[in-house]
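# Examining the three-dimensional arrangement
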Amino acid sequence: MLRATAILPPDHARGTPFDRVILEHDERRLRRKLLRLVHGDEVLVDFPQTVTLEHRSVLELEDGRLVEVIAAEEYLHEVRAGDAGHLLRLAWHIGNRHTPAQLEPDRILIKRDHVLRAMLEGLGATVTDVREPFFAEHGAYSHSHGAADGGHALLRRQ
């Protein structure tokens, strides 16, 4: 079985990946997991601590080959508001429900949920169904778990 031994950042310049793995937001946060690559191979990820795989980061395998990580398109709600203050209040309500959210200057993306949609529309939001990669904010306590540079360093399995 193939094993990942390191995570390289998107700008690694170590060569061309031989395959890719496409993962949703929740699947990109892992410690130990068996991943199925696009062309069918399986790769075991078993790192000493939980990591978050960035879009276009690369897993380096024991044999030196590389696997690119791609953020999958997901079914999301796009939340828009009348103005910046309204969007801020909507973000507060979303956060109060501990819902993962991708925060942007003019919109918020959340995973589809009919209860949250009804709540947000009741608060005056415009909610549209979209399908795109999801890059939710990580919680205040989900930082790099030991990497002094915020998780951008090369992580190697010991």
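So, how was this worked out
- Residues numbered from 1 in each chain as written.
- Predicted model: local features only at pLDDT ≥ 70, side-chain atom pairs only at ≥ 80, totals over all residues.
- Heavy atoms only, no water.
- Helix = DSSP H or I, 4+ residues; strand = E, 2+ residues; numbered from the N terminus.
- Contact = heavy atoms within 4.5 Å.
- Areas by Shrake-Rupley, 256 points an atom, 1.4 Å probe, with all protein chains shown as cover.
- Core = buried A, V, L, I, M, F, W, Y, C linked by side-chain atoms within 4.5 Å.
- Buried < 20%, exposed > 50% of the residue type's maximum accessible area, 1.4 Å probe, protein only.
- pLDDT = per-residue confidence, 0-100.
- Expected span 1.5 Å × (residues − 1).
- Arc of directions from axis to C-beta.
- Polar contact = N/O pair within 3.5 Å; in protein donor to acceptor, adjacent residues only side chain to side chain.
- Pairing = 2+ DSSP bridges.

## Re the overall build of the protein chain
Across its full length, the protein chain carries 2 helices and 11 strands. Each helix (α) and strand (β) of the protein chain, taken in turn from the N terminus, gives the series β-β-β-β-β-β-β-α-β-β-α-β-β. For the protein chain, the share of sequence-separated contacts (at least 6 apart) that also reach a separation of at least 24 residues comes to 65%. Element-wise, carbon and sulfur atoms account for 51% of the exposed surface of the protein chain, whose accessible area totals about 9000 Å².

## Brief notes about the environment of Leu123
Checked against the element boundaries, Leu123 lands in the loop between α2 (114–122) and β10 (126–133). Spatially, the C-alpha atoms of Leu123 and Arg89 are 9.1 Å apart, while their sequence positions differ by 34 residues. For Leu123, the contacting residues outside a window of four places in its chain are His86, Leu90 and His93.

## A closer look at the environment of Phe134
Following the sequence through the fold, Phe134 ends up in the loop between β10 and β11 (155–156). In contact with Phe134, not counting residues within four places along its chain, are His25, Arg28, Ala72, Glu74, Leu76, Pro100, Ala101, Gln102, Leu109, Ile110 and Lys111.

## Looking at the nonpolar core
Soluble globular proteins tend to bury their nonpolar side chains together. The biggest cluster of nonpolar side chains holds 17 residues, and the ones touching the most others in it are Ala4, Val21, Leu35, Val45, Leu53 and Leu59. Counting residues per element, the ones that place at least two in this core are β1 (2–8), β2 (19–23), β3 (29–36), β4 (42–52), β5 (58–61) and β6 (66–71). At 4 residues, β4 tops the list of elements feeding residues into this core. The residues touching Val21, leaving out its near neighbours within four places in the chain, are Leu35, Arg36, Leu37, Val67, Glu68, Val69 and Ile70.

## Description of the confidence of the model for the protein chain
When the pLDDT values of the protein chain are averaged, the result is 90; 89% of them are 70 or greater. Counted against residues more than four places away or in other chains, residues 144–158, with its pLDDT under 50, gives 27 contacts.

## Some remarks on helix α1 (residues 84–96)
Here α1 contains 13 residues, and its C-alpha end-to-end distance of 18 Å stays within 8% of the 18 Å for a straight helix at 1.5 Å per residue. Residues of α1 that are buried: His86, Leu87, Leu90 and Ile94. One side of α1 holds all its buried residues, which, seen down the axis, span an arc of 100°. For α1, the exposed residues lying more than 90 degrees away from the buried face are Ala84, Leu88 and Trp92. Lining the buried residues of α1 we find β7 (73–80), β8 (101–103), β9 (108–111) and α2. Its side-chain oxygen at 3.1 Å from the backbone nitrogen of Gly85, Asp83 defines the N-terminal cap of α1.

## Section: the pairing of β3
Inspection of the sheet shows β3 paired to β4 by 7 bridges, in the antiparallel sense. Residue pairing across strands places Leu30 opposite Val51, the latter belonging to β4. In textbook terms, the turn of a hairpin is the stretch between consecutive antiparallel strands, and for β3 and β4 this stretch comprises 5 residues, one of which, Gly40, has a positive phi near 105°.

## Here we look at unusual backbone geometry
Phi is positive for Ala13, which is not a glycine, with a value near 55°. Within the secondary structure layout, Ala13 lies in the loop between β1 and β2. The exposure class assigned to Ala13 is exposed, which follows from its relative accessible area of 78%. A positive phi is found at Arg56, a non-glycine position, where the angle reads about 75°. Examined against the element boundaries, Arg56 turns out to sit in the loop between β4 and β5. For Arg56, a relative accessible area of 40% puts it in the partly exposed group.

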